[in-house]
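Residue-level listing of the chains:
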Amino acid sequence: MQSTAQNFTTENAMLDLSVVVPIYNENDPQNPNTDPIGELIGKITDSLEGTGLTYELICIDDGSKDGSDLRLKELVQNYPQLITVLLRRNYGQTAAMAAGFEHAQGRTIVTLDGDLQNDPADIPQLLAKLDEGYDLVSGWRKKRKDAALTRLLPSKIANWLIGKITGVKMHDTGQMLHDYGCSLKAYRKEVVADMKLYGELHRFLPALAYIEGARITELPVNHYARPYGSSKYGLGRTTRVVLDLFTVFFLKKFLTRPMHVFGLLGIISITSGMFLGVYLTFVKLILNQSIGDRPLLILAVVLLLSGVQLFCFGLLGELLMRTYHESQGRPIYRVREVVRSRVKNC
Ligand code: UDP
Ligand code: MG
């Protein structure tokens, strides 16, 4: 359905909502007469029609080669709320989403996939949940329609691992999130603005937001089998998710106090090395035994050297973290709200 400009303002005044959709080769080569992108834009605008929200729909074309970019450019003529950002080449879903966040003007941001697997009709519910006082509401594809062995199983393991390692808990229930991989999520703008995305970190947005103190919850959402085209990912994604998990774990643990972590390990290592050294000196000088061929000697040296190295890591980490925070003007805390009395002091 073609939309009117009813829910749309052209000025830069803050909009209620920005919907961000990454799109990469979403046309269906098997069925050239279909219009997946037109269908997607129609469904999104339909779902927001009548909500009274002012919104923009930002579609990021991530270097498509199948004409998805041309279709988006055409659709801009029909939908005044549609903004199409065309990336020069294919950078990946995370970069496409980051480009969308960069262009978003809304007070809240909703992301979803461009392949019609998410249901735009869920957006109003997500926003209502956000309004209950959350910073991020993550969709949970409770009845997920993807291949069991290659998708559901790895994703179950990944969700459990991410939950355990990052320690993300929902604000209301205190439980772990069920579904990190669901792209359908709603965010407060500040939460997204705080985050820098690299690699394939979009999946870890709830974890990154949680590290910054965001209140997180989830909501069951619809999920459909891919109606057109094919998935852009295979099993290789699993290793990348695990590697990204290390990065997020590192960010969580060491972001503001690397010396505490590396320094502690360094102290443990040096102290154990010294004990061994004292023991070996005793064996050599008092008991008059040879220690040159003892594995313990090697262990003592390794422990001492690695202890010193860990200390140096800690110091370097401290320098890097200072550069990280100060170069971006990032304070080491996040303010939720400032409350002032309305009565002015004289
Ligand atoms: N996508 C993208 N760039 C890429 C790969 C994917 O923008 O390099 C988009 C894609 O168009 C879709 C979303 O990311 O909107 C999720 O991709 P896909 O549906 O292939 O992933 P799956 O649902 O199979 O996990
Ligand atoms: Mg998909």
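Residues numbered from 1 in each chain as written. Chains lettered and ligands numbered in written order. Predicted model: local features only at pLDDT ≥ 70, side-chain atom pairs only at ≥ 80, totals over all residues. Heavy atoms only, no water.

Asks: How would you sum up a nonpolar patch on the surface? Please name residues and give values.
Replies: Together, Tyr 279, Phe 282, Leu 285, Ile 286 and Leu 287 make up a nonpolar patch on the protein surface, roughly 540 Å² of accessible area in all. Tracing the sequence through the fold places Ile 286 in the loop between helix H9 (258-285) and helix H10 (295-327). (Patch = residues over 30% accessible without salt bridge, like charges linked within 9 Å, V, L, I, M, F, W, Y side chains within 5 Å. Areas by Shrake-Rupley, 256 points an atom, 1.4 Å probe, with all protein chains shown as cover. Salt bridge = Lys/Arg side-chain N within 4 Å of Asp/Glu carboxyl O. Helix = DSSP H or I, 4+ residues; strand = E, 2+ residues; numbered from the N terminus.)

Asks: For the site of ligand 1, give the residues involved together with the corresponding values.
Replies: What surrounds ligand 1 is a group of 18 residues, the closest being Glu 26, Asp 62, Asp 115, Ser 231 and Lys 232. At 2.6 Å from a nitrogen atom of ligand 1 is found a side-chain nitrogen or oxygen belonging to Asp 62. In the environment of ligand 1, an oxygen atom lies 2.9 Å from a nitrogen or oxygen atom belonging to the side chain of Arg 151. Alone, ligand 1 offers 530 Å² of accessible surface; in the complex the protein occludes 94% of this. When its residues are assigned to classes, the shell around ligand 1 shows four nonpolar, six polar and eight charged. (Near = heavy atom within 4 Å. Polar contact = N/O pair within 3.5 Å; in protein donor to acceptor, adjacent residues only side chain to side chain. Nonpolar A, V, L, I, M, F, W, Y, C, P; charged D, E, K, R; others polar.)

Asks: Can you tell me about the packing of helix H1 (residues 36-48) against helix H2 (residues 68-78), naming the residues and giving the values?
Replies: Axis separation between H1 and H2 bottoms out at 9 Å; the angle between their running directions is 40 degrees. As far as their axial angle goes, H2 and H1 are oblique. Where H1 crosses over H2, the two elements pack in a sense that is right-handed. Facing H1, whose interface residues are Ile 37, Gly 38 and Ile 41, H2 presents Ser 68, Arg 71, Leu 72 and Leu 75. Among the residues making up the contact of H1 with H2, the classes are represented as four nonpolar, two polar and one charged. (Axes fitted to C-alpha atoms, helices over the stretch in contact; angles between N-to-C directions. Parallel < 35°, antiparallel > 145°, perpendicular 65-115°, else oblique. Left-handed = near helix turned anticlockwise from the far one by under 90°. Contact = heavy atoms within 4.5 Å.)

Asks: For the packing of aromatic side chains, give the residues involved together with the corresponding values.
Replies: Scanning all chains against the criterion turns up two aromatic pairs. Between Phe 101 and Tyr 187, the ring centres sit 5.9 Å apart and the planes meet at 75 degrees, which makes this aromatic pair edge-to-face. Of this pair, Phe 101 sits in helix H3 (residues 93-103) while Tyr 187 sits in strand E6 (residues 185-188), placing them 86 residues apart in sequence. The same class applies to Phe 101 and to Tyr 187, which are both buried. Taken together, a centroid distance of 5.8 Å and an interplanar angle of 50 degrees make the contact between Phe 262 and Phe 313 tilted. Of this pair, Phe 262 sits in helix H9 while Phe 313 sits in helix H10, and the two are 51 residues apart along the sequence. Looking at Phe 313, the relative accessible area reads 46%, which means it is partly exposed. Taking the ring centre of Tyr 91 as reference, the NZ or CZ of Arg 89 above it sits at 4.1 Å. (Phe/Tyr/Trp six-rings, centres within 6.5 Å; stacked < 30°, edge-to-face > 60°. Buried < 20%, exposed > 50% of the residue type's maximum accessible area, 1.4 Å probe, protein only. Lys NZ or Arg CZ within 6 Å of the ring centre and 35° of its normal.)

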